[in-house]
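# Examination of the molecular architecture
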Amino acid sequence: MTDSRRNAGDLDRFGYQQELKRSLSFSDMLIYGLIFMVPIAPFGIFGSVYAESGGMVVLAYAVGAIGMAFTALSYSEMAKAFPMAGSVYSYAGRGIAAPVGFVAGWAILLDYILVPALLYIVSGVAMASFVPAVPVWVWVLAFIALNTFVNYFGIELTARVNKLMLVAELIVLAIFLVIGIWALATTPGVGFSFDPVFNPETYSLSVVFAAVSIAVLSFLGFDAISTLAEENQDEARQIGRAMVGALVLAGVLFVVQTWVAALLVPNRDALLSGEGNLGTAFYDAAGNAGGAWLSTLTAIATAIAWGFADALVAQAATSRVLFSMSRDRQLPAFLRRVHPTHRVPTNATFLIAAISVAVGLYMASRGDGIALLSTMVNFGALTAFLLLHVSVLAYYVVKRGSRSPRHIVLPICGLLILGYVMWSANVAAQVTGLTWLAIGIILAIGLKVAGRTPRLAMDEADTAASEEKRSRPS
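Residues numbered from 1 in each chain as written. Predicted model: local features only at pLDDT ≥ 70, side-chain atom pairs only at ≥ 80, totals over all residues. Heavy atoms only, no water.

## Some thoughts on the overall build of the chain
Test applied: A run of DSSP states H or I qualifies as a helix once it reaches four residues; a run of E qualifies as a strand once it reaches two. Both are numbered from the N-terminal end. Under the scheme applied here, a residue whose accessible area is under 20% of the maximum for its type counts as buried, over 50% as exposed, and between as partly exposed, the area being computed with a 1.4 Å probe on protein chains only. Two residues qualify as a contact provided that any one of their heavy atoms is within 4.5 Å of a heavy atom in the partner residue. In this description, accessible areas are obtained by the Shrake-Rupley approach with a 1.4 Å probe, and a residue is regarded as covered only by the protein chains that are shown.
A tally of regular secondary structure across the chain gives 18 helices and 0 strands. Put simply, the chain has 474 residues, and 57% of those count as buried. Relative to all contacts within the chain whose residues are 6 or more apart in sequence, the contacts with residues 24 or more apart total 82%. A total of about 18200 Å² of accessible surface is found on the chain, and carbon and sulfur atoms cover 67% of it.

## Here we look at the packing of helix α10 (residues 237–264) against helix α12 (residues 281–290)
Selection rule: Angles shown run from 0 to 180 degrees and are taken between the N-to-C directions of axes, each axis being a line fitted to C-alpha atoms and, for helices, limited to the stretch in contact. For this classification, under 35 degrees means roughly parallel, over 145 means roughly antiparallel, 65 to 115 means roughly perpendicular, and everything else is oblique. Gly is put with the polar residues, along with every residue not named as nonpolar or charged; the nonpolar set is Ala, Val, Leu, Ile, Met, Phe, Trp, Tyr, Cys and Pro, and the charged set is Asp, Glu, Lys and Arg.
For the pair α10 and α12, the least separation of the axes is 8 Å and the interaxial angle reads 70°. Between α10 and α12, the angle falls in the class roughly perpendicular. When α10 is examined against α12, the residues Gln257, Ala261 and Leu264 are found in contact with a partner set consisting of Phe282, Ala285, Asn288 and Ala289. When grouped by side-chain class, the residues that make up the contact of α10 with α12 number 5 nonpolar, 2 polar and no charged.

## Focus on a nonpolar patch on the surface
Worth spelling out the cut-off: Patches here: salt-bridge-free residues with over 30% relative accessible area, like charges joined within 9 Å, nonpolar side chains (Val, Leu, Ile, Met, Phe, Trp, Tyr) joined within 5 Å. Only one rule defines a salt bridge in this text: a Lys or Arg side-chain nitrogen within 4 Å of an Asp or Glu carboxyl oxygen.
A cluster of nonpolar side chains, contributed by Trp137, Val138, Leu141 and Leu361, occupies part of the molecular surface with about 320 Å² of accessible area. At 3 residues, helix α7 (residues 136–152) tops the list of elements feeding residues into the nonpolar patch. The topology assignment puts Trp137 in helix α7.

## Comments concerning the packing of aromatic side chains
Selection criterion: When two rings of Phe, Tyr or Trp (its six-membered ring) have centres within 6.5 Å they constitute a pair, described as stacked for plane angles under 30 degrees, edge-to-face for angles over 60, and tilted for the intermediate range.
With the rule as written, the count across this model stands at 16 aromatic pairs. Considering the side-chain rings of Tyr61 and Phe219, the 6.0 Å spacing of their centres and the 55° angle between planes classify their relative orientation as tilted. Highlighted residues: Tyr61 in helix α4 (residues 57–81) and Phe219 in the loop between α9 (205–215) and α10, separated in sequence by 158 residues. Given the relative accessible area of 0%, Phe219 is considered buried. On the numbers, 6.0 Å between centres and 75° between planes, the contact of Tyr75 with Tyr91 is edge-to-face. In this pair, Tyr75 sits in helix α4 while Tyr91 sits in helix α5 (residues 88–95), placing the two residues 16 residues apart along the sequence. With a relative accessible area of 0%, Tyr75 lands in the buried category. Here the aromatic cluster, defined as three or more aromatic residues joined through ring pairs, consists of Phe43, Phe46, Tyr50, Phe176 and Phe282.

## Description of the pattern of salt bridges
On inspection of all chains with the given rule, the structure shows 1 salt bridge. Two residues, Glu77 and Arg406, come together in a salt bridge whose shortest N-O distance is 3.3 Å. Within this pair, whereas Glu77 is found in helix α4, its partner Arg406 is found in helix α16 (residues 405–423), the two being separated by 329 residues in sequence. For Glu77, a relative accessible area of 8% corresponds to the buried category. The exposure class assigned to Arg406 is partly exposed, which follows from its relative accessible area of 41%.

## Quick notes on the confidence of the model for the chain
What counts here: For every residue, the pLDDT score states the predictor's confidence, bounded by 0 at the bottom and 100 at the top.
Taken as a whole, the chain shows an average pLDDT of 79; of its residues, 83% reach a score of 70 or greater. Averaged pLDDT values for the elements of the chain fall to 50 in helix α18 (residues 460–471) and rise to 89 in α12.

## Focus on the packing of α12 against helix α13 (residues 292–327)
The axes of two packed helices give the description: the angle between them and the distance between them. What counts is decided by this rule: Two helices crossing with the near one rotated counterclockwise from the far one by less than a right angle form a left-handed crossing, whereas a clockwise rotation gives a right-handed crossing.
Closest axis-to-axis distance for the α12/α13 pair is 6 Å, and the angle between their directions is 145°. Handedness of the α12/α13 crossing: right-handed. Taken together, the residues of α13 that come into contact with α12 (itself represented by Phe282, Tyr283, Ala286, Gly287 and Gly290) are Ala292, Trp293, Leu294, Ser295, Thr298, Ala299 and Thr302. A breakdown of the residues in the contact of α12 with α13 according to their chemical character gives 7 nonpolar, 5 polar and no charged.

## Some words on the side chain of Ser402
As a reminder of what qualifies: N or O atoms closer than or at 3.5 Å make up a polar contact, with two conditions inside protein: a donor-capable atom paired with an acceptor-capable one, and, for residues adjacent in sequence, both atoms drawn from side chains.
Here Ser402 shows up in the loop between α15 (369–399) and α16. At a separation of 3.2 Å, a polar atom in the side chain of Ser402 contacts the main-chain amide nitrogen of Ser404. With residues near it in sequence (within four places) discarded, Ser402 still touches Tyr396, Val397, His407 and Ile408.

## Observations concerning the environment of Ala354
Topologically, Ala354 is positioned in helix α14 (residues 346–364). With 206 residues separating them along the chain, Ala354 and Thr148 place their C-alpha atoms 10.0 Å apart.

## Notes on the environment of Ile239
Within the fold, Ile239 resides in helix α10. Between the C-alpha atoms of Ile239 and Lys80, which are 159 residues apart in sequence, the distance is 7.9 Å.

## Notes on the side chain of Thr298
Summarising the element assignment, Thr298 is placed in helix α13. Thr298 gets classed as buried once you look at its relative accessible area, which sits at 0%. Reaching out from Thr298, the side chain makes a polar contact with the backbone oxygen of Ser295 at a distance of 2.9 Å. Discounting chain neighbours no more than four positions away, the residues touching Thr298 are Phe43, Phe282, Tyr283 and Ala286.

What follows is the structure, given as structure tokens:
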């Protein structure tokens, strides 16, 4: 039996039909995750992380990578148990309880629904800086139309575009690193230093974790690989491997590029005091190494990577979460419609485009639109990740009686690290995130009262293991 047929059978036992097209390989999913995270993601938020971390930008990214690594391992365990679309919604719903799954899905939607709008605005602002005759809102609409067109015509087209964009981003990153390292080695008064890793003059635990709460934006996306579980043509464990692989590769790239950039910034004191231009800090570092052309190249690459490549996969991932929740009667039924030829959730795709237009145009008119959206996106994702770790404990330890360290130690470590990151986050982000979470809880209660709590089928082996554990004498 082929992997695709076996995966379809795995889906049948949970009460679902195979509707999406299984055509993605391990490399497709790995590339998808890398594109969603954006290998050059630090280009756009480097200045903010540098200032918040007291210059220890590398330490902030390293801590963020560790915290996300525990999360990726928890995702990997749940993806093996429940190989279906829906991501943390499906995992928490089956690992803990159906209403908790809705709350987890609602939390991750704060990330998934808003992140495309954030990406479009960042790219629109960057493009408008080079072509001032074209306003930001025009660029936003152009990126939304292009991404919706590509996603509408199927996941294979999305995968092919992803590969081209990944190669382009890596070429730009390689150019920056080669010229940057050469500048560090040959320019008088500039050299290598471990200050971006650890600086005793500015270090404190609260400073580092406050910076991590911003840097974690660069890592969001590896989890979106799990939304493609029903389009994976290989065995289910490849989902987890792709997530861990994408996170490791991105983490290494983030650490290397921010280390080089931190040693090249021409206005360190101004950045640390908050007086410098945080939005152009990375481009200024690139210009310090190679001149105006390298500064322009990195800025244009950021605009295209965020507005096209990243937003493209963000729209695809969000549509799969909406599709999964609609299939379980947790969202309106029209969102589960799948195109008969392209085999993609078309209505969900168009809805994300419409939301991106509304949110993007509104936030583009605000001076603090990018900052506000960033905090909302991060808090929503971290809340869902916390519920994911709890799901591993509930499913494997409580229901199946596992005593494996990967089912106890790893999720607990992830809970502690991410919990502290959320505690250290911006107050506005905490208020927004908790408000969104409260709305989700109210909706979950309303769905339960209305009798729309989904009956989430479990694997027969899982049900038997749970019954056996309950029947054991205490």
